[in-house]
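Commentary on secondary and tertiary structure
Residues per chain, in single letters:
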Amino acid sequence: SGGLALRGALARLEDERRRRGGGRPRSDGLQWTQYGGGTGEAWVLAPEEGCDRTWAVLHFVGGFGIGSYPQLCYDALLRAVAASPQLGRGLVVIATPYDATSTLSHDELSRSCVDAYEAALKDARFADGSGATLAERRGRIAELKFGHSLGGKLLLLERLQQLKDGLWAENAAAPPRLPALAAVGFNNAPLSSSLSFVRDLVKTYGGTGPGGPGGGGDFASAAAAPARWLMVLAGDMDQGSGANAHRLHGASEFATACVSGCHLTSGNWYFEVTVGSGGLMQLGVANHLFRGDDTNGDGVGDCENSWAFDGYRGKAWHGGSELDYGSTWKLGDVVGVQLNVDEGFLAFSLNGEAMGNAYGPGEGFGLGPTKSGDATAGAGIEGVFPAFSLNEGQEVAVNAGQQPFKHAAPEGAQALKEGLDDTTKAILEA
């Protein structure tokens, strides 16, 4: 019944998206186009001008429930991939939805996704005047497979079926080159979490949130708003909503959250964190290899991929090692954080009083060579982001510049919000 309720809520949301002209391309120049129908349905995300620059096709299959409407629930993720400058905006996404409530057979669901993908390849055409379809240029463009949660299993079943059919037989003269396959489970959340997510999504888009009637927001803003701009990475963290969306409350031993939509690879940035309790917390930044573990008490600063200030003990942390640093905090204190990626340093202030560099200059933050020429382990990691680890019962409020800062930003530093992606910035400023 939960799956049916989830699918019904998404169906209503899709109807509203269509009513508002949701198929029109947005500022990134990408648009969703539906091909087929029923079991053969597929959604193709491609540039408005067509597929003329395409060098690769990504077949995407989403998770249980939300995978039935990938053009809604995975829109931000798939747009970020398709519009990536690193990929030359030459990747076309074919997302194949499925109805997990229609059958208990995952083999059947896998076959339906494969059939829909193959049909879409035959329908989507290049815009170079040749009229060629993606299928007709198979072999000259790369093919990739990407599945989230149950979608990953469905794509793996496809691969196993290919093995069963003998595509990799030892006596094959020239076995075909099969697409690369990535299967990801971001949170392994129960169905109840998806139901809650979609309920908030429908509520926001239906008129009570920034994207509802009279709110002035578009569908992307409305869909992203319930996800908030602060994201839990490890453990349990209670997050505020609405006017309190900037607040975090630790609900497990050492939970970690971060600012989403943040991939800083250059620049000089500033944000503030107001201490809502006086206990154990580690506040700072991490890169995209960071993995928190609340069960072991590992948070920001406890691995090589994160750097933090701990005002409870007067320490700075990196790689699990501590340094005596700064002053201790108390309830209501404001911690200022300056991240200068260009010069490679991280500095903190307490109530406007600078405490000097905790790390750097010359710290690479795992991004590769800095201006000083120092190279760091983990070169090539995409971006640094603010992150916060809170012991159970501890609270903070994060200001990325959506409100006036309590204290002046250091000279040359920009408000963090200016470094966020457009979708997250819109949520922040709603």
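The model shown is predicted, which means the values in this text are computed figures rather than measured ones.

1. So, the overall build of the protein chain
- Summing up its helical and strand segments, the protein chain has eight helices and 21 strands in all.
- Across the protein chain, contacts joining residues at least 24 apart in sequence account for 64% of those joining residues at least 6 apart.
- Of the accessible surface of the protein chain, which amounts to about 19400 Å², a share of 49% is contributed by carbon and sulfur atoms.

2. Focus: helix α4 (residues 106-123)
- End to end, α4 covers 26 Å across 18 residues, agreeing with the expected 26 Å (1.5 Å per residue, within 8%).
- Within α4 the residues assigned to the buried category are L109, S110, S112, C113, V114, A116, Y117, A120 and L121.

3. Looking at the pairing of strand β13 (residues 306-310)
- Within β13, five of the five residues are buried, leaving the element largely enclosed by the surrounding structure.
- Residues S306, A308 and D310 line one face of β13 and the alternating positions W307 and F309 line the opposite face, and both faces are buried.
- Alignment of strand β12 (residues 281-287) against β13, held across four bridges, turns out to be antiparallel. By the bridge assignment, L283 is partnered in β13 with F309.
- Both β13 and strand β14 (residues 315-318) contribute to a ladder of four bridges, which runs antiparallel. Bridge pairing in β14 places D310 opposite K315.
- From the end of β13 to the start of β14, which pair antiparallel, there are four residues, and G314 there has a positive phi angle of about 65°.

4. Some thoughts on the pattern of salt bridges
- In total, this model carries ten salt bridges according to the counting rule given.
- Of the charged contacts in the structure, one is a salt bridge between R138 and E143, with a shortest N-O distance of 2.7 Å.
- Taking the relative accessible area as the measure of exposure, E143 reaches 18% and is therefore buried.

5. Quick word on the nonpolar core
- Membership of the largest hydrophobic core comes to 52 residues, with the highest contact counts inside it found for W229, L248, V335, F348 and F388.
- L10, A82, L91 and A95 belong to the second largest nonpolar core, which has 20 residues in total.

6. Quick look at the confidence of the model for the protein chain
- Overall, the prediction assigns the protein chain a mean pLDDT of 79, with 73% of residues at 70 or greater.
- Confidence drops under pLDDT 50 across residues 201-227; counting only partners more than four residues distant or on other chains, this segment forms 49 contacts.
- Ignoring residues within four places in sequence, the model shows residues 369-381, a span with pLDDT below 50, making 27 contacts including any to other chains.

7. Here's the deal with the sheet that holds β12
- Spatially, seven strands are ordered β7-β10-β19-β12-β13-β14-β15 in an open sheet, and the strand pairing comes out antiparallel. A single partner strand is all that each edge strand has here, and the edge strands are β7 (230-234) and β15 (321-324). Strand-to-strand twist of the sheet, defined as the mean angle between neighbouring strand axes without regard to direction, takes the value 25°.

8. Quick look at a nonpolar patch on the surface
- Nonpolar side chains collect at one region of the surface, where L156, L160 and L181 lie side by side and expose about 230 Å² of accessible area between them.
- Along the chain, L160 falls in helix α5 (residues 150-164).
- Since its relative accessible area comes to 43%, L160 is described here as partly exposed.

Calculation criteria
Residues numbered from 1 in each chain as written. Predicted model: local features only at pLDDT ≥ 70, side-chain atom pairs only at ≥ 80, totals over all residues. Heavy atoms only, no water. Helix = DSSP H or I, 4+ residues; strand = E, 2+ residues; numbered from the N terminus. Contact = heavy atoms within 4.5 Å. Areas by Shrake-Rupley, 256 points an atom, 1.4 Å probe, with all protein chains shown as cover. Expected span 1.5 Å × (residues − 1). Buried < 20%, exposed > 50% of the residue type's maximum accessible area, 1.4 Å probe, protein only. Pairing = 2+ DSSP bridges. Salt bridge = Lys/Arg side-chain N within 4 Å of Asp/Glu carboxyl O. Core = buried A, V, L, I, M, F, W, Y, C linked by side-chain atoms within 4.5 Å. pLDDT = per-residue confidence, 0-100. Axes fitted to C-alpha atoms, helices over the stretch in contact; angles between N-to-C directions. Patch = residues over 30% accessible without salt bridge, like charges linked within 9 Å, V, L, I, M, F, W, Y side chains within 5 Å.

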